[in-house]
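Inside the fold
For reference, the chains in residue letters:
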Amino acid sequence: MTADTMNPVLGRRAFLGVSALAGGGLALSLTLPTMAGADHHAASPVKLTNLVSIAKSGKVTIMSKNPEIGQGVMTSIPMLIAEELDCDWADVFVIQADFDPSKYERQRAGGSMAIRFDYLPMRQAGAAVRHMLVEAAAALSGVAAGELSTAAGFVHHKASGRKWSYGELADAAARLAVPDLEKVALKDPKDFAIIGKPTGGVGSAAVLRGEPVFGIDAGPPGTLHAVVETAPAHGAKLVSVDDSVAKASRGVIAVVRLNGVGGPDVMPDTVAVVATNHWYAEKARKLLKLEWDLAPAKGHTLDAYRTEAARLHDAGNGTDLRRDGDAAGKLASAAKTVRARYSYPWVAHATLEPQNCTALYRDGRLEM
């Protein structure tokens, strides 16, 4: 990842685009060319590629631009937008955006950085829509924008008791210029009604029903499935393979030995089992009889790490990165001290879904 891709500041003038929707409503996009169409809740819905849309009913559709892989961004990113938009979360419909960095800027998952990068830009995006809706209400009512306020999907004029739903104002708001994102007013955090509040995942119910489609679900009819068996320890080398039982298993097409290249960090020694479906491949993988040379991995075990960590701790030769006060002195003179040692095991930081991709080889060309 380069320095420029780490920069969370988006091109501000190119960040937002706005267009009137044919079905009636307001569409706000991230560096997206103006597109005509109807939003999700309109009578004649069309495919949406915009960040926010508002139907005449007042329902709000928000595109979640970052990939949802179980970390919750399909809920949290839209929450940032909805908060500053000042709509009712119950009226929000969330759609996972397609991968298209030219439209949505940074679309990555990793390092727990989605909120860090998007917290301000997404709030500004929501605030910009709210500003435009207020301006539209001001023009419609003939009162100053400063006399208007927003709450739960409505613009209010408290002095007269009048109010307008976002759905009523969307067409007019879409014709206004997008405000400078650096200058839009943002809420005081003490006034947050959505951010920081316990909120159920927008896709949790579908996940429980097994409905989401993942990468491993991709592939046309006739697609073969492969699983791999790699070294049981970092750096181990494959000595021999007995795949006779695995090859004879139901659905197995081939068993392929792949010699490691570029060291264990690039590709370790591996045996791939290819079958007509994932289940057959997985069952056959467990029938492989492999002999490994574990010499390169000697000493790299959880017990070894735990023992060495305890030894280094007890030796007392560590370096203080920061020292405030005299903790050692206070403990030495304390009337009573309590000692405890805590440790935790190594845990794989990995997705629940097997890492995978789909490849098509045809006419000398490999598409992945």
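Residues numbered from 1 in each chain as written. Predicted model: local features only at pLDDT ≥ 70, side-chain atom pairs only at ≥ 80, totals over all residues. Heavy atoms only, no water.

Describing the overall build of the protein
For the protein, the helix and strand inventory stands at eleven helices and 15 strands. For the protein, buried positions account for 33% of its 368 residues. Sequence-distant contacts, at least 24 apart, represent 63% of the contacts inside the protein between residues at least 6 apart. Element-wise, carbon and sulfur atoms account for 57% of the exposed surface of the protein, whose accessible area totals about 22,600 Å². (Helix = DSSP H or I, 4+ residues; strand = E, 2+ residues; numbered from the N terminus. Buried < 20%, exposed > 50% of the residue type's maximum accessible area, 1.4 Å probe, protein only. Contact = heavy atoms within 4.5 Å. Areas by Shrake-Rupley, 256 points an atom, 1.4 Å probe, with all protein chains shown as cover.)

Brief notes about the nonpolar core
Residues V52, I54, V60, L85, L133, L148 and V155 are the most contacted members of the largest nonpolar core, which totals 37 residues. When residues of this core are traced back to their parent elements, those giving at least two are strand 3 (52-55), strand 4 (60-64), helix 3 (73-85), strand 5 (92-96), helix 5 (114-141) and helix 6 (166-174). With ten residues, the top contributor of residues to this core is helix 5. The contact partners of L85, leaving out residues within four places of it in the chain, are V52, V60, G126, A127, V129, R130, L133 and Y166. V255, A281, L288 and W292 belong to the second largest nonpolar core, which has 14 residues in total. (Core = buried A, V, L, I, M, F, W, Y, C linked by side-chain atoms within 4.5 Å.)

Considerations on the confidence of the model for the protein
Averaged over every residue, the pLDDT of the protein is 81; the share at 70 or more is 85%. Below pLDDT 50 for its whole length, residues 1-25 participates in 74 contacts with residues either more than four positions away or in separate chains. Note on residues 29-49: pLDDT is under 50 here. Beyond four places in sequence and across chains, it has 61 contacts. (pLDDT = per-residue confidence, 0-100.)

Structural notes on the pairing of strand 5
Along a regular strand, successive side chains alternate from one face of the sheet to the other. For strand 4 and strand 5, the ladder comprises five bridges, and the chain directions are parallel. Residue pairing across strands places V60 opposite V92, the latter belonging to strand 5. Following the chain from strand 4 across helix 3 to the adjacent parallel strand 5, one finds a crossover that is right-handed. (Pairing = 2+ DSSP bridges. Right-handed = clockwise from strand over helix to strand, strands pointing away.)

Regarding the packing of helix 5 against helix 6
Following both chains from N to C, one finds helix 5 and helix 6 inclined at 90 degrees, their axes separated by 8 Å at the closest point. The pairing of helix 5 with helix 6 is recorded here as roughly perpendicular in orientation. Touching R130, M132, L133, A136, A137 and L140 of helix 5 are Y166, L169, A170, A172 and A173, all from helix 6. A class-by-class count of the residues in the contact of helix 5 with helix 6 yields ten nonpolar, no polar and one charged. (Axes fitted to C-alpha atoms, helices over the stretch in contact; angles between N-to-C directions. Parallel < 35°, antiparallel > 145°, perpendicular 65-115°, else oblique. Nonpolar A, V, L, I, M, F, W, Y, C, P; charged D, E, K, R; others polar.)

Regarding the pattern of salt bridges
Scanning the entire structure with this criterion turns up 18 salt bridges. Between D91 and K59 there is a salt bridge whose closest N-O contact spans 3.1 Å. Of this pair, D91 sits in the loop between helix 3 and strand 5 while K59 sits in the loop between strand 3 and strand 4; the two residues are 32 residues apart in sequence, bridging distant segments of the chain. On the basis of relative accessibility, which here comes to 26%, the residue D91 falls in the partly exposed class. Taking the shortest distance from any N to any O, the salt bridge between R123 and E84 comes out at 2.7 Å. Here R123, found in helix 5, pairs with E84, found in helix 3; they are 39 residues apart in sequence, far enough to count as distant. For the residue pair R123 and E84, the accessibility class agrees, reading buried in each case. (Salt bridge = Lys/Arg side-chain N within 4 Å of Asp/Glu carboxyl O.)

Focus: the sheet that holds strand 8 (residues 162-165)
Taken together, three strands build an open sheet; the order of strands is 6-7-8 and the sheet is antiparallel. Looking at which strands have only one partner, the edges of the open sheet turn out to be strand 6 (149-151) and strand 8. Adjacent strand axes in the sheet meet at a mean angle of 30 degrees when their direction is disregarded. Relative to strand 7 (residues 154-157), strand 6 runs antiparallel, the two sharing three bridges. Considered in strand 7, the bridge of A151 is made with F154.

Topic: the packing of aromatic side chains
Evaluated as defined, the whole model comprises zero aromatic pairs. A cation over an aromatic ring shows up here: K163 above the ring of F154, its NZ or CZ 4.5 Å from the ring centre. (Phe/Tyr/Trp six-rings, centres within 6.5 Å; stacked < 30°, edge-to-face > 60°. Lys NZ or Arg CZ within 6 Å of the ring centre and 35° of its normal.)

A look at the environment of H157
Mapping H157 onto the fold places it in strand 7. The contact partners of H157, leaving out residues within four places of it in the chain, are V143, E147, L148, R162 and W164. Among the polar contacts made by the side chain of H157, one reaches the side chain of S160 at a distance of 2.6 Å. (Polar contact = N/O pair within 3.5 Å; in protein donor to acceptor, adjacent residues only side chain to side chain.)

Some words on the pairing of strand 12 (residues 270-275)
Within strand 12, six of the six residues are buried, which leaves the element mostly enclosed by the surrounding structure. By the alternation rule, side chains of strand 12 split into T270, A272 and V274 and V271, V273 and A275, which are all buried. Here strand 9 (residues 225-230) pairs with strand 12 via six bridges, running antiparallel. By the bridge assignment for strand 12, V227 is matched with V273.

Here we look at helix 10 (residues 302-315)
Between its first and last C-alpha atoms helix 10 spans 20 Å; for 14 residues at 1.5 Å apiece the expected length is 20 Å, and the two agree. Looking one or two residues beyond helix 10, the residue adopting positive phi is G316, at roughly 70 degrees. (Expected span 1.5 Å × (residues − 1).)

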